[in-house]
Amino acid sequence: MALLRAFEDREYRPEYGTFLLREADPWGPARARVDELLREYAVKTQPCGSIARAGDGWIDGRASDRYHEVRLESHDAPAPEDDGWADVVETPFATGGTVGLAMVTGGSPRDSFRLGEPGLYRLRFCRRPADEGDSYLLRFWPVSASPEPPRWIARSSPLLSEDDLAQPALRTRGGGPSAHFRYATSDLLSLLLWAREGAATVTIDWLADRLLSTPDAVRAILRHAVGDGLLAPFDSTDGPLTLVVQPTPRAPRQPPPQPVSRPTGLGRLRGTVATAASDAGPGPHAGPGGTARPPGVSGPTMAWVTTSSRLSSTLETRPLALPPGPPPRAGFVGSGGELVVWRDDAPVVLARWPGVQVAQAMQSRHGTVLLSSTQTALVRPDGEFVLLGTSMGWRAVLDAAGDRLAAVEYHVGRRSRHRLHLVDLADGSRQSMPWDEADALSAVGIHDGAVYASVDGGAASVRWTPGEKPEPLPHALRQVDPYSGVALARDRSHPALLIRPDGGVVPLPADPAAALVPGGRQLYSWVYAPPGLRLYDPAHPDRPRMLPLPGGSATSPVPGGPVWESPEHVLVPADHGRNEFGLPLVRLHLRSGLVEGVALPPEAGYRPVLVQPLHRPAGHG
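Residues numbered from 1 in each chain as written. Predicted model: local features only at pLDDT ≥ 70, side-chain atom pairs only at ≥ 80, totals over all residues. Heavy atoms only, no water.

So, about the pattern of salt bridges. Going through the model one piece at a time under the given rule, you end up with 27 salt bridges. One salt bridge in this structure joins E90 and R124, with 2.8 Å as the shortest N-O distance. With E90 in strand β6 (residues 87–95) and R124 in strand β9 (residues 119–129), the pair connects residues that are 34 residues apart, well separated along the chain. Residue E90 shares its accessibility class with R124, and that shared class is buried. Between E568 and R591 there is a salt bridge, and its shortest N-O distance comes to 3.5 Å. (Salt bridge = Lys/Arg side-chain N within 4 Å of Asp/Glu carboxyl O. Helix = DSSP H or I, 4+ residues; strand = E, 2+ residues; numbered from the N terminus. Buried < 20%, exposed > 50% of the residue type's maximum accessible area, 1.4 Å probe, protein only.)

Right, dumping it as structure tokens:
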């Protein structure tokens, strides 16, 4: 009997009152096969139970939203008991062998802890008050099939009090008998589901012994569970019981969105992609019926606009169709974590990162960089998956050559800390910027070998060349274009300042949310209703150009939002899987205003994350 390994987190702060530990890789090594109702959220019960519960790849427990001390231990045999804990429960747990502390809304665990081989484990979950928050000890050891059902060993308060039993139907805000019954019912159902794995004989006394409660309390909990539809009705509480747990009802599947039906001859509606209506009439590239076309474009009538056009406010009577365009240049990440790229004109799943919500994807010279909220990885062209860092995620930046990545490692706790790293994607080595780790900072760009960072919570900026000390800058930078060195900043007097590489400053009357188009020659901002793209020419910033997009386009710059495919083209996904034309994606051409439809394979799912390609602006290679 020995302690194999341990992990400690002295600043774990859960959310929604839920201590949560999850499988680090839900699609990793096969776990022991257990009842489907032991999956997370398979049964609609109160989370956590009175102390804690466990199932197939998850553990949850009651906690306050404060900082807590947590220790995880892996043992090769039953761990020694410790009497110094106020609340203790033992329960089986099915796992692939690697787990980590998680958040209800935070996706996959940030730090992984290796328990051992995939299979069934026994968990002893212990909790007691500490000077600040609580102390938790979770001890794991492997067990064979037919695991012993859960057993509650110590309780700091009764599962149900005499007052609870005297008025079980009383409902109060934030607690009271009804709330206590919900936690008790959660304990009961967890016990029953694991009891089925071991074919235990269930009686009232057996349940009371396991729950560390009384037979009267168990009878009351059973009545409550049946009344809430969590247990099927049963005949008697005398002798062995046959109790059937009811799964969470599944909502009926909705059919996928269908393209909007358009009668023959119907054109556009106000606010969607429009044909151009020039004041001077049809231009030199007019098509059938006088509809203007960009040079070199043939085929059906297309939707496009030009800077000299005004949008018609009337209903056109010409057919409207989006011409098909090529697939996204650098691929996408599907809803199941699949990295899809095109090889020989066909989509190929190059790699999978299951169980992780990818928030940003960028093409580099060494493969595709994938970032979640807590992890950064590189998928090389041959499909090799390389984890570049943990606690280091979304909003990283690449240099123009696609060789180096700047990202911030962060740790949130009583003493939050941040550290900016410059990662060489060829071998994964990194250099760290010397800076006060208590300062909240972020990477805003890399240009000409220097990393630009926002510091002091965004109030100031520095330029850091590896091997030297960071140099303070006179402006609070928001973005630095890696190709041109043009920067975007703001101050109290101006929503946007364009900082040229020679140090010249150009105030712009632009949207405060405006950003640089790759190459730094224009600025842009997104319009949400009706959807469109607003372009600013620094030479004439007071005359922005508006390019409309199909209805239902996702113009919010969040994970799954638009991506610049080149300085002249931007890819815009649909907000709810399909835009008004029934398409998941369109490509907008800046010069002509032409909009192309882009089809995607099934792996794209509901809202894929597009890969940001490496750009080659004119004059920059």
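Once that is clear, we can look at the pairing of strand β19 (residues 375–379). Burial runs high along β19: five of the five residues are buried. Residues of β19 alternate between two faces, with Q375, A377 and V379 on one and T376 and L378 on the opposite face, all of them buried. As paired elements, strand β18 (residues 367–371) and β19 share four bridges and run antiparallel to each other. Among the inter-strand pairings, L371 is bridged to a residue of β19, identified as T376. Here five bridges tie β19 to strand β20 (residues 385–390), and the two strands are oriented antiparallel to one another. Looking across to β20, one finds that Q375 is bridged to T390. (Pairing = 2+ DSSP bridges.)

Read from one edge of the open sheet, four strands run β21-β22-β23-β24, paired in antiparallel fashion. The open sheet has two free edges, formed respectively by β21 (397–398) and β24 (430–432), since each of these has just one partner strand. Bridging between strand β23 (residues 417–424) and β24 involves three bridges; their strand directions are antiparallel. Considered in β24, the bridge of V423 is made with R430.

Here we come to the side chain of R53. Here R53 lies in strand β3 (residues 52–54). By relative accessible area, R53 is classed as buried at 10%. In this structure the side chain of R53 is engaged in a polar contact, spanning 2.9 Å, whose partner is the side chain of T45. Reaching out from R53, the side chain makes a polar contact with the side chain of S186 at a distance of 3.2 Å. Beyond its immediate sequence surroundings of up to four residues, R53 is in contact with T45, Q46, P47, C48, W58, I59, D60, S186 and S190. (Polar contact = N/O pair within 3.5 Å; in protein donor to acceptor, adjacent residues only side chain to side chain. Contact = heavy atoms within 4.5 Å.)

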